[in-house]
Amino acid sequence: MIRDDDFIQSKDVPGPTKEEIRCLVMCKAQISSEDIVVDVGCGSGGLTVESAQRAKKVIALDKNPEAIELTSKNLIKHGLQRKVELVEGDALNLIENLPSFDVLIIGGSSGDLPLIISRGYQKLKTNGRIVVTSILLETRVEAVETFKKLGMTLEVVEVTVAKGKQMKRGTMMMGRNPITIITALNNKN
Ligand code: SAH
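Residues numbered from 1 in each chain as written. Predicted model: local features only at pLDDT ≥ 70, side-chain atom pairs only at ≥ 80, totals over all residues. Heavy atoms only, no water.

Attention now goes to the overall build of the protein chain. On a plain count of helices and strands, the protein chain comes out with 6 helices and 9 strands. Against the 2.2 N^0.38 benchmark of 16 Å for 189 residues, the protein chain shows a C-alpha radius of gyration of 16 Å, consistent with a compact globule. The C-alpha extent of the protein chain, read off along each of the three principal axes, is 60 × 35 × 30 Å. Put simply, the protein chain has 189 residues, and 46% of those count as buried. In the protein chain, once contacts between residues fewer than 6 apart in sequence are set aside, the share between residues at least 24 apart is 65%. Total accessible area on the protein chain is roughly 9700 Å²; 50% of this is exposed by carbon and sulfur atoms. Counting 26 positive and 24 negative side-chain charges, the protein chain places the centres of these two groups 5 Å from one another. (Helix = DSSP H or I, 4+ residues; strand = E, 2+ residues; numbered from the N terminus. Rg over C-alpha atoms; globule rule 2.2 N^0.38 Å. Buried < 20%, exposed > 50% of the residue type's maximum accessible area, 1.4 Å probe, protein only. Contact = heavy atoms within 4.5 Å. Areas by Shrake-Rupley, 256 points an atom, 1.4 Å probe, with all protein chains shown as cover. Lys, Arg positive; Asp, Glu negative; His and termini not counted. Charge placed at Lys NZ, Arg CZ, Asp CG, Glu CD.)

Structure (structure tokens):
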């Protein structure tokens with residue numbers, strides 16, 4: 001797992017997803033060396049870089065050109081640019097034209113999560129996985145409801161990480177915001 005400090009960061013682009021959360025997302029995504037992964041909302045490239053280390057190929061989408069640029073820099077820094085296709089635009093319109101894939105990671109959806117999931121599902125291979133990371137209450141409800149409607153098998157994990165900060169008198173635990181990771185398995189034939 002790559003350390004947070006080993007990513008080039010920008011105040012204008014969200015991410016990278018914190019390393020403790022990246023661990024969990026990778027654990028749930030179960031990426032193998034034969035897999036094609038699509039990362040929707042690549043941001044700083046936190047999950048794109050981790051996926052590229054494990055997958056055959058990654059297609060990373062973001063509607064923010066600065067996110068595409070930063071993800072590109074982070075891929076070059078980690079020597080993974082050849083494995084990743086970067087596409088600038090709204091996932092809502094782009095996802096239908098992609099080739100089929102094994103894993104869909106969604107870290108940003110701008111209020112269109114149900115549609116992005118439904119369109120992504122059409123392209124998902126048998127036994128493929130969709131992993132949604134959510135910080136908003138509304139997003140997790142939308143994800144769960146959409147996965148249920150599609151008849152997918154789902155798992156919901158919520159974590160709140162606290163990290164120790166060194167103070168004069170000891171180590172103070174500082175809580176971060178809770179993050180929900182919703183994973184759905186495609187068991188259609
Ligand atoms: N997982 C990333 C951080 C994601 S932040 C990392 O580890 O670095 C969420 C990103 O989703 C933002 O960059 C935002 O521009 C993008 N985004 C939000 N809605 C989108 C959409 N509909 N299509 C494409 N990108 C989207």
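Quick look at unusual backbone geometry now. Going from G15 to P16, the amide bond is cis rather than trans, its omega being 0 degrees. You can see P16 is positioned in the segment before α1 (19-29).

Moving on: the sheet that holds strand β9 (residues 179-185). Read from one edge of the open sheet, 7 strands run β3-β2-β1-β4-β5-β9-β6, paired in mixed fashion. Of all strands in the sheet, those with a lone pairing partner are β3 (84-88) and β6 (153-159), marking the two edges. Between one strand axis and the next, the sheet turns through 15 degrees on average, direction left out of account. Helix-sheet contacts for helix α3 (residues 65-77) involve β2 (57-62) and β3, and the interaxial angle to β3 is about 165 degrees. (Pairing = 2+ DSSP bridges. Axes fitted to C-alpha atoms, helices over the stretch in contact; angles between N-to-C directions.)

Let us now look at the pattern of salt bridges. What the rule picks out here adds up to 13 salt bridges. Across the pair E50 and R22 runs a salt bridge whose closest N-O atoms are separated by 2.6 Å. Taken together, the residues span a long stretch of sequence, with E50 in helix α2 (residues 46-54) and R22 in helix α1 at a distance of 28 residues. Each member of the pair, E50 as well as R22, carries the same accessibility label: buried. As a salt-bridge pair, R119 and E96 come within 3.8 Å of each other at their nearest N and O atoms. With R119 in helix α5 (residues 113-123) and E96 in the loop between α4 (91-94) and β4 (101-106), the pair connects residues that are 23 residues apart, well separated along the chain. Each of D4, R22, E50 and R54 takes part in one network of salt bridges that share partners. (Salt bridge = Lys/Arg side-chain N within 4 Å of Asp/Glu carboxyl O.)

Moving on, we come to the site of the ligand. Not every one of the 22 residues close to the ligand is listed here, only the nearest: T17, D62, D90, A91 and S110. Taking T17, its side chain carries an N or O atom lying 2.6 Å from an oxygen atom of the ligand. C42 places a main-chain nitrogen or oxygen 3.3 Å from an oxygen atom of the ligand. Summarising the interface, the protein chains cover 90% of the accessible area of the ligand, which totals 580 Å² for the free molecule. Tallied by class, the residues present in the shell around the ligand amount to 6 nonpolar, 13 polar and 3 charged. (Near = heavy atom within 4 Å. Polar contact = N/O pair within 3.5 Å; in protein donor to acceptor, adjacent residues only side chain to side chain. Nonpolar A, V, L, I, M, F, W, Y, C, P; charged D, E, K, R; others polar.)

On the surface, M167, M172 and M174 cluster together into a nonpolar patch covering about 260 Å² of accessible area. Here M174 is to be found in strand β8 (residues 171-175). Taking relative accessible area as the criterion, M174 reaches 36% and is therefore assigned partly exposed. (Patch = residues over 30% accessible without salt bridge, like charges linked within 9 Å, V, L, I, M, F, W, Y side chains within 5 Å.)

Below, the discussion takes up the side chain of T71. For T71, the position within the fold is in helix α3. Since its relative accessible area comes to 0%, T71 is described here as buried. The contacts of T71, once residues within four sequence positions are left out, are C42, G43, S44, G45, T48 and L86.

Let us look at the packing of α2 against α3. Contact geometry for α2 and α3: axes closest at 9 Å, N-to-C directions at 40 degrees. In terms of axis orientation, α2 runs oblique to α3. When you trace α2 past α3, the crossing you get is right-handed. Judged by residue contacts, T48, V49 and A52 of α2 engage T71, N74 and L75 from α3. In terms of residue class, the contact of α2 with α3 is made up of 3 nonpolar, 3 polar and no charged. (Parallel < 35°, antiparallel > 145°, perpendicular 65-115°, else oblique. Left-handed = near helix turned anticlockwise from the far one by under 90°.)

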